[in-house]
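Now for the letters of each chain:
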Amino acid sequence: MVTKSRLKLLKSLSRKKNRDDHQLFLVEGYKSILELSQTDLVRQQVLVTEGHHALDSLPTDIISKKDMSGVSTLKTPPGYLAVFEMPVKKEINVDGLVVALDDVKDPGNLGTIIRLCDWFDIKQIICSEETVDVFNPKCVQASMASLGRVQVDYVNLEEFLKDAQPDIYTTAMDGTSIYNMSLPENGILVMGNESAGISEEIMSLGSKISIPQYGSQPSTESLNVAMATAVVLGEWRRSTEK
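Residues numbered from 1 in each chain as written. Predicted model: local features only at pLDDT ≥ 70, side-chain atom pairs only at ≥ 80, totals over all residues. Heavy atoms only, no water.

In the annotation of an unreviewed UniProt entry, the protein chain is listed under the name RNA methyltransferase and assigned to Nonlabens ulvanivorans. One UniProt comment on the protein chain, placed under Sequence similarities (unreviewed entry), says "Belongs to the class IV-like SAM-binding methyltransferase superfamily. RNA methyltransferase TrmH family." (UniProt positions renumbered as here; feature names shortened; annotations may be inferred.)

Structure (structure tokens):
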């Protein structure tokens, strides 16, 4: 039986402060819970709405639709919700290719970037302190199980990059085309805020690179930060293949 106090705790995890205080976060959806359970993250509890079948080999607690609606962060709860412990803090690893995010605000963008890093075998993301919380429910939803395979850390990004050893590459409209340069195996790729891009202070710390525009309309909006990350990482990996 899931007590009222436990349900109250789970409901409170929609807020960052409570997630930080309890070092817990929520995951919703059958597939996301199963896949995340196969990573190193510690699963604390799984709740299933009555009438839904149990998850394969995972112990579950059955709750009512009303109780699930009370703790779910989604308009239409999928009927499967799990509580995971936040990963233990590890030393930041800047070996290989690393992605740094300067003030990315949209949780869906951050979640998608985490999945992209997982796809391109990038183990480390470094976020500015202003970047959206990685355990925001929308970010968790977008990142799927990749959240358990990519390390995400928050730092004073400007100070961190000033002391960084690998070469730094900042994305900018007026940068050198990624198709006309030699990209290293080791480096830090900085992606910026959805509307403002990368701050001047951080931009000055690296070499500017860009994705060239082939369309003829100058009024075309710049690429979404997650889309741009996909293009740059794809070209980076292609150009450094042995």
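A. Quick peek at the overall build of the protein chain. Helix and strand content of the protein chain: 9 helices and 10 strands. A compact globule built from 242 residues would reach a C-alpha radius of gyration of about 18 Å, and the protein chain, at 20 Å, matches this within 12%. The principal-axis extents of the C-alpha atoms in the protein chain amount to approximately 60 × 40 × 35 Å. Taking all 242 residues of the protein chain together, the buried fraction comes to 46%. On the protein chain, roughly 13,000 Å² of surface is accessible, and the fraction owed to carbon and sulfur atoms is 49%. One finds the centroid of the 25 positive side-chain charges in the protein chain at a distance of 9 Å from the centroid of its 33 negative side-chain charges. (Helix = DSSP H or I, 4+ residues; strand = E, 2+ residues; numbered from the N terminus. Rg over C-alpha atoms; globule rule 2.2 N^0.38 Å. Buried < 20%, exposed > 50% of the residue type's maximum accessible area, 1.4 Å probe, protein only. Areas by Shrake-Rupley, 256 points an atom, 1.4 Å probe, with all protein chains shown as cover. Lys, Arg positive; Asp, Glu negative; His and termini not counted. Charge placed at Lys NZ, Arg CZ, Asp CG, Glu CD.)

B. Structural view of the domain arrangement of the protein chain. By the assigned domains, the protein chain splits into domain 1 (4-85) and domain 2 (97-240). Here the C-alpha centre of domain 2 lies 30 Å away from the C-alpha centre of domain 1. With 15 residues of domain 1 at the contact, the number on the domain 2 side is 11 residues. Around 1,100 Å² of area is buried between domain 1 and domain 2 when both sides are counted, 65% of it from carbon and sulfur atoms. Applying the counting criterion to the domain 1 and domain 2 interface returns 1 salt bridge. One salt bridge in this structure joins R19 and D133, with 2.7 Å as the shortest N-O distance. (Domains from an automatic or database assignment. Contact = heavy atoms within 4.5 Å. Buried area = accessible area lost by both parts, 1.4 Å probe. Salt bridge = Lys/Arg side-chain N within 4 Å of Asp/Glu carboxyl O.)

C. The UniProt feature "domain: MRM3-like substrate binding" (unreviewed entry) in the protein chain, seen in detail. Here the UniProt feature "domain: MRM3-like substrate binding" (unreviewed entry) sits at residues 5-82. End C-alpha to end C-alpha, residues 5-82 measures 16 Å, and it is 37% helix and 23% strand.

D. Focus on the packing of aromatic side chains. Within the structure shown, the criterion is met by 4 aromatic pairs. Look at F25 and F84: their rings are 6.0 Å apart centre to centre, the planes differ by 25°, and that puts the pair in the stacked class. Separated by 59 residues along the polypeptide, F25 in strand β1 (residues 24-28) and F84 in strand β4 (residues 80-85) bring together distant segments of the chain. Here F25 and F84 have matching classes, each one buried. Seen in terms of ring centroids, F25 and F135 are 4.6 Å apart; in terms of plane orientation they differ by 35°. Their pairing is tilted. You can see F25 sitting in strand β1 and its partner F135 sitting in the loop between β6 (124-128) and α6 (137-143), a full 110 residues away along the chain. The same class applies to F25 as to F135, namely buried. One aromatic cluster is present, built from ring pairs that chain together F25, F84 and F135. (Phe/Tyr/Trp six-rings, centres within 6.5 Å; stacked < 30°, edge-to-face > 60°.)

E. Region of interest: the environment of V48. As for its position among the elements, V48 is in strand β2 (residues 43-49). The exposure class assigned to V48 is buried, which follows from its relative accessible area of 0%. Between the C-alpha atoms of V48 and Y80, which are 32 residues apart in sequence, the distance is 4.8 Å. With residues up to four places along the chain from it excluded, the contact list for V48 reads H53, L55, T60, D61, I62, I63, M68, G79 and Y80.

F. Representation of helix α1 (residues 4-12) in the model. Every buried residue of α1 is accounted for by R6, L7, L9, L10 and S12. Summarising the contacts, the buried residues of α1 are in contact with α2 (16-22), β1, β2, α4 (65-71) and β4.

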